[in-house]
Amino acid sequence: MTRPLGLLACLVFLASPATAGEFAPGGNASPLTRPFALPSLGETAITPPGRPDVRITFDAANEYATEGSCASECILLDGETRRMRIDYRGALGNGWDYSLHVPMLDRGGGFLDSWIQDWHGWFGLPNGGREFATEDQYRYRYVRDGVTLLDEIEEVNGLGDVALGLGTALGQDSALRAMLKFPTGDGAALSGDNLGGAVWVDLGLPLPRTWSGYLSAGYSRNERGEVLTAMQNEEVFFGGLGLLVPVTADTRLSLQGNAHTQLYDGATVTPLARKGAPVTIGLQWQTGADSVFDIGIQEDASVNGSPDFAVYVSYGTSRRR
């Protein structure tokens, strides 16, 4: 991690948390998703007055996919993105709340390549050609009809697209939410750069008292950014399902599945033509009267529709029922 992002992470994690939503953020962490407003899901409760919400999440998503012949169409996605997300949510009263989402990104070759190969070996999972590639390199390249449309090799860090949100209650344990994403990132650095918006519902599931769950569905519309501009879909549909299952009095198993429709049109190579469907599995520990700590991993159920491996830690507070 570069020094500015590392320093900011230390300062945030040393700060005292306020309340935050129950689920650590999931979703597709690929740099190719940055032009799209794809929100974190599962915020079924509206923030009460006098109790602002804060959650800090750090993840590292490692991606490797190569496919095709560059005489016609080929793609290489090889890199790692470290990301720190700060999510703040405050009350507006009368069943409304607002939110601020700030992502800090650090992209490069990373350090997880050899560890991921070991992980896949332990569980008999395919490496998708990782074992033949140079370890810890960074390159995002796409060639179509002999024309290079994307070729990014520079390791950079900085601010991604900041987003503002608004939510209103739908009954006791569900919410209607909207988000506006601003072009504060750098398109050439694969960190955003375009205006986008989303609207979705987070529906609480009827579960036993010590369990939690959500079902979400939404729609995203975005201006086209700098990355594969002519191929970007301006409209995307997305959804998710999440469960928190008690293991002990202070520990819960976290399960989330997210999905979205195709982000880019006109490609035949899998990473651009396939819908994303990452699956997140983790544990959540109650670390104080309200505070919780989450840790987990993410795998790519769609196979090359999202990064094939990610790890995350998240700190905030849980709204236990």
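Residues numbered from 1 in each chain as written. Predicted model: local features only at pLDDT ≥ 70, side-chain atom pairs only at ≥ 80, totals over all residues. Heavy atoms only, no water.

Visitor: For this particular structure, what's the right way to read the pairing of strand E1 (residues 53–69)?
Guide: Taken residue by residue, a regular strand's side chains alternate between the two faces of the sheet. When you tally the buried positions in E1, you get twelve out of 17 residues, the bulk of the element. Strand direction decides the pairing type here: E1 and strand E2 (residues 73–93), joined by 17 bridges, are antiparallel. When the sheet's bridge partners are listed, Ala 61 is paired in E2 with Thr 81. Taking the residues between adjacent antiparallel strands as the criterion, E1 and E2 are bridged by three residues. Sheet topology places E1 next to strand E15 (residues 309–317); seven bridges connect them, and they run antiparallel. Residue pairing in the sheet places Ala 60 in a bridge with Val 311 of E15. (Buried < 20%, exposed > 50% of the residue type's maximum accessible area, 1.4 Å probe, protein only. Helix = DSSP H or I, 4+ residues; strand = E, 2+ residues; numbered from the N terminus. Pairing = 2+ DSSP bridges.)

Visitor: I tried to follow the pattern of salt bridges on my own but got confused; where do I start?
Guide: A full pass over the atoms with the stated rule returns 13 salt bridges. The residue Asp 59 makes a salt bridge to Arg 85 at a minimum N-O spacing of 2.7 Å. Taken together, the residues span a long stretch of sequence, with Asp 59 in strand E1 and Arg 85 in strand E2 at a distance of 26 residues. Each member of the pair, Asp 59 together with Arg 85, is buried. For Asp 106, the salt bridge goes to Arg 82, with nearest N and O atoms at 3.4 Å. Of the two residues, Asp 106 sits in strand E3 (residues 96–108) while Arg 82 sits in strand E2, which places them 24 residues apart along the sequence. Arg 82 sits in the buried class, given a relative accessible area of 10%. (Salt bridge = Lys/Arg side-chain N within 4 Å of Asp/Glu carboxyl O.)

Visitor: Which parts of the structure should I look at to understand empty space enclosed by the protein?
Guide: Gaps between atoms show up when a probe of the same size as a water molecule is rolled over them. Evaluation of the coordinates by the stated rule reveals five cavities of 30 Å³ or more. Of the pockets and cavities examined, the second largest cavity occupies roughly 110 Å³. Every residue lining the second largest cavity is counted, 15 residues in all, and those nearest its centre are Asn 28, Leu 32, Leu 263, Pro 271 and Gly 305. Grouping the amino acids of the lining of the second largest cavity by side-chain chemistry returns six nonpolar, seven polar and two charged. (1 Å grid on protein atoms, 1.4 Å probe; cavity = no way out; pocket = protein on both sides within 12 Å on 5 of 7 lines; lining within 4 Å. Points joined across faces, edges and corners; volume = space filled by probe spheres on them. Nonpolar A, V, L, I, M, F, W, Y, C, P; charged D, E, K, R; others polar.)

Visitor: Can you help me understand unusual backbone geometry in this one?
Guide: Note: most residues except glycine have negative phi, and most peptide bonds are trans. One non-glycine residue, Asn 94, lies in positive phi territory at about 55 degrees. Structurally, Asn 94 is set in the loop between E2 and E3. According to the relative accessible area criterion, Asn 94 is exposed, its value standing at 79%. One non-glycine residue, Leu 228, adopts positive backbone phi at about 50 degrees. Inspection of the secondary structure assignment puts Leu 228 in the loop between strand E10 (212–222) and strand E11 (235–248).

Visitor: Could you clarify how one ought to interpret the nonpolar core in this entry?
Guide: Side chains of a nonpolar character, in soluble globular proteins, are inclined to be buried together. The biggest cluster of nonpolar side chains holds 18 residues, and the ones touching the most others in it are Leu 32, Tyr 142, Leu 150, Leu 228, Met 231, Tyr 264 and Leu 272. Listed by contribution, the elements that provide at least two residues to this core are E2 and strand E4 (139–144). In this structure Tyr 142 touches Glu 73, Cys 74, Ile 75, Val 147, Thr 148, Leu 149, Leu 150, Leu 228, Met 231, Ala 267, Val 269 and Leu 272, once residues within four positions along its chain are discounted. Membership of the second largest hydrophobic core comes to ten residues, among which are Met 179, Ala 198, Phe 238 and Leu 244. (Core = buried A, V, L, I, M, F, W, Y, C linked by side-chain atoms within 4.5 Å. Contact = heavy atoms within 4.5 Å.)

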